[in-house]
2 protein chains.
Amino acid sequence: MRNLLLTIAYDGTGFHGWQRLPGERTVCGTVEEALARVLGREVKIDGCSRTDAGVHALGQTATLLLEDHGIPTERIKKALTDCLITQKREGVGEIEILDVKEMPEGFHARYSAKGKQYLYKIRNAESPDIFKRTRYYQIAQPLDVEAMRRAAAQIVGTHDFACFQTAGGTPRETTVRTVRSLDIQQDGEYITISIKGDGFLYNMVRIIVGTLVEVGQGRRDASEIADIIESKDRQRAGHTAPPQGLYLKEVYYDEQQTDLG
Amino acid sequence: MRNLLLTIAYDGTGFHGWQRLPGERTVCGTVEEALARVLGREVKIDGCSRTDAGVHALGQTATLLLEDHGIPTERIKKALTDCLITQKREGVGEIEILDVKEMPEGFHARYSAKGKQYLYKIRNAESPDIFKRTRYYQIAQPLDVEAMRRAAAQIVGTHDFACFQTAGGTPRETTVRTVRSLDIQQDGEYITISIKGDGFLYNMVRIIVGTLVEVGQGRRDASEIADIIESKDRQRAGHTAPPQGLYLKEVYYDEQQTDLG
């Protein structure tokens, strides 16, 4: 069996999330249909992150076990990309296959991942922009980015992040995670929050962002964050920021594993 | 009867065009449904331009005849705007009501219009961007903007523009129109074509853009344009550029008419 790693970007607006779901248009389902056309038979892929409806990806990953088929990865990538183009003349669609490579036996997009980076994009401007509504969290009230940075500094590190988890996600053995970095960049009316960590609980990034936004709005103080984490109480943290600002940027693997392709 | 002029912006991506169509989600139909909720009864609006599926507007106009109702225009605007917000927390939707004002009897969004401005946006970059596919015409091959400007100069003026009309549109008495200006601005990988005229035939802007693009690609010479117009032959002109690059920017009326609100 060949073990292929696909790297995939998508605009999540028109999808009911990543994970296949009967009767719904999902990213995973759409890629699997394209693969079936390319390979001439049904296959399943296993994604790293089950992004929710409306969430985007710049570097989602998925593994595909394939009986040896002889097709070079470059040809699979090209055929799959062509299959996913919806605007023929322009060569663009909602999903883009960025890379296809051979991985060693046992490698798995999700279980082999060592960490991930997410971006969260905010548009901080008084008037909403209808053309940006699917790609940014629109916030009219000016945010105090310095206060948000002070709050963010308390989140970095290894903590029990139960307070930043939506109840009802996949049960996990532990809610302890390590956030390696949490940076906030402002460029005019655009604010980008970049977060890297070894793993994330269900809705963790969106709840962190919602909490940071409330700090930026002055509705809570930056100094509260350590207590909120300590409490392990979801009720003490902020709202869940909406899906359309969230982008899965990159999945990290051991270099040894990803350099075999 | 009160005669109200609505100015409306919309992202046309999710709509089957402006004009109401049974069983389809259209901009006009969506605004009429919101008006019915605001006013408590069914009303019809009459738009200036029947934009196609995927075409956007920054300043579409529509008139609404209303039995005297006493509600000030500002309240109609606010209630209608609230009704059209689909992302409650962020206060943004696909349609935005920019203005509502009182007009004299007999004023009509379409028949009273003296001219219109359209923008057409091109993304001229080698790699397509999945996040921009609904708002730009993606063209990989570098365009010669100077050649496009030479071609554009031949289009400005009063001509029989039969060559730039899709067969099958509303029959018109004459295909003579006046293009007042046709400017092409380049800003990095973005090219914006701005066209102003007294009126436009069906698909006229998109066919002009398709023809200019072919000049920019070197597939035809700028000097051909006068002959193409002279021929009145649709087959001699270029392709119809896709809808998602097109924006109805502004409708012009006599100042006397629009200053009464």
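Residues numbered from 1 in each chain as written. Chains lettered and ligands numbered in written order. Predicted model: local features only at pLDDT ≥ 70, side-chain atom pairs only at ≥ 80, totals over all residues. Heavy atoms only, no water.

## Observations regarding the confidence of the model for chain A
Detailed reading of predicted coordinates is not advised where the pLDDT is low.
Then step 1. In this model, chain A carries an average pLDDT of 94, and 97% of its residues clear a pLDDT of 70 or more.
Then step 2. Prediction confidence for the complex, expressed as pTM and ipTM, is 0.92 and 0.89 respectively. (pLDDT = per-residue confidence, 0-100.)

## With respect to unusual backbone geometry
All names here are of chain A.
Then step 1. At Lys232, a position not held by glycine, the phi torsion is positive, near 60°.
Then step 2. Its location among the elements puts Lys232 in the loop between α5 (225–231) and β10 (246–252).
Then step 3. For Lys232, a relative accessible area of 48% gives the class partly exposed. (Helix = DSSP H or I, 4+ residues; strand = E, 2+ residues; numbered from the N terminus. Buried < 20%, exposed > 50% of the residue type's maximum accessible area, 1.4 Å probe, protein only.)

## Observations concerning helix α1 (residues 27–39) of chain A
Residue and element names in this part refer to chain A.
Then step 1. The terminal C-alpha atoms of α1, which comprises 13 residues, lie 18 Å apart, in line with the 18 Å expected from a rise of 1.5 Å per residue.
Then step 2. For α1, the complete set of buried residues consists of Val27, Cys28, Gly29, Thr30, Val31, Glu32, Ala34, Leu35 and Leu39.
Then step 3. Buried residues along α1 sit against β1 (2–10), β2 (45–47), β3 (56–66), α2 (73–84) and β4 (95–103).
Then step 4. Positive phi appears at Gly40, one or two residues downstream of α1, with a value of about 80°. (Expected span 1.5 Å × (residues − 1). Contact = heavy atoms within 4.5 Å.)

## As for the packing of aromatic side chains
Residues and elements named next belong to chain A.
Then step 1. Under the counting rule described, the total for this entry stands at 14 aromatic pairs over all chains.
Then step 2. An angle of 90° between the planes, with centres 5.2 Å apart, marks the rings of Tyr118 and Phe200 as edge-to-face. Of this pair, Tyr118 sits in strand β5 (residues 115–124) while Phe200 sits in the loop between β9 (190–197) and α4 (204–216), and the two are 82 residues apart along the sequence.
Then step 3. For Phe200, a relative accessible area of 8% corresponds to the buried category.
Then step 4. Lys121 extends its terminal NZ or CZ atom over the ring of Tyr247, reaching a point 4.6 Å from the ring centre. (Phe/Tyr/Trp six-rings, centres within 6.5 Å; stacked < 30°, edge-to-face > 60°. Lys NZ or Arg CZ within 6 Å of the ring centre and 35° of its normal.)

## Details of helix α3 (residues 145–155) of chain B
Two residues of an α-helix separated by three or four positions point the same way, owing to the 3.6 residues in each turn.
All names here are of chain B.
Then step 1. Taken together, the buried positions of α3 are occupied by Val145, Ala147, Met148, Ala151, Ala152 and Ile155. Buried residues of α3, seen end-on, are gathered within an arc of 150° and therefore sit on one face of the element. Summarising the geometry of α3, the exposed residues directed more than 90 degrees from the buried face are Arg150 and Ala153.
Then step 2. Looking at the packing, one finds that the buried side of α3 touches β7 (157–160), β8 (176–187), β9 (190–197), α4 (204–216) and α5 (225–231).
Then step 3. Capping of α3 at its N-terminal end is provided by Asp144; its side-chain oxygen lies 3.2 Å from the backbone amide nitrogen of Glu146.
Then step 4. Residue Gly157 follows α3 closely and has a positive phi angle near 120°. (Arc of directions from axis to C-beta. Polar contact = N/O pair within 3.5 Å; in protein donor to acceptor, adjacent residues only side chain to side chain.)

## Observations regarding the pattern of salt bridges
All names here are of chain A.
Then step 1. Applying the stated criterion to the full structure yields 28 salt bridges over all chains.
Then step 2. The salt bridge involving Arg149 is made with Glu146; its shortest N-O contact spans 2.8 Å. Residue Arg149 and its partner Glu146 are located together in helix α3 (residues 145–155), separated by three residues, close to a single helical turn.
Then step 3. The exposure class of Arg149 is partly exposed, given its relative accessible area of 33%. (Salt bridge = Lys/Arg side-chain N within 4 Å of Asp/Glu carboxyl O.)

## Digging into the side chain of A:Arg2
Then step 1. With respect to the secondary-structure elements, A:Arg2 resides in strand β1.
Then step 2. With near-sequence residues (within four places) excluded, A:Arg2 lies in contact with A:Leu64, A:Leu65, A:Leu66, A:Asp68, A:His69, A:Gly70, A:Ile71, A:Pro72, A:Thr73, A:Ile76 and A:Glu102.

## Remarks on the interface of chain B and chain A
Then step 1. Of the residues lining the interface, 28 residues belong to chain B; the matching set on chain A comes to 28 residues.
Then step 2. Between chain B and chain A lies a buried interface of about 2400 Å² when both sides are counted; carbon and sulfur atoms form 59% of it.
Then step 3. Together, B:Ile130, B:Phe131 and B:Arg133 form the three largest contributors to the area buried by chain B at its contact with chain A, with a combined 31%.
Then step 4. Linking chain B with chain A are four salt bridges, by the criterion used here.
Then step 5. Between B:Arg133 and A:Asp11 there is a salt bridge whose closest N-O contact spans 2.8 Å.
Then step 6. Linking chain B with chain A are six residue pairs in polar contact (both at pLDDT 80 or more), by the criterion used here.
Then step 7. Only β1 (2–10), β3 (56–66), β4 (95–103) and β6 (137–139) of chain B provide two or more residues apiece to the side of chain B that touches chain A.
Then step 8. The dominant element in the side of chain B that touches chain A, judged by the number of residues it contributes, is β3(B), at three residues.
Then step 9. Of the residues belonging to the side of chain B that touches chain A, the class tally is 13 nonpolar, seven polar and eight charged. (Buried area = accessible area lost by both parts, 1.4 Å probe. Nonpolar A, V, L, I, M, F, W, Y, C, P; charged D, E, K, R; others polar.)

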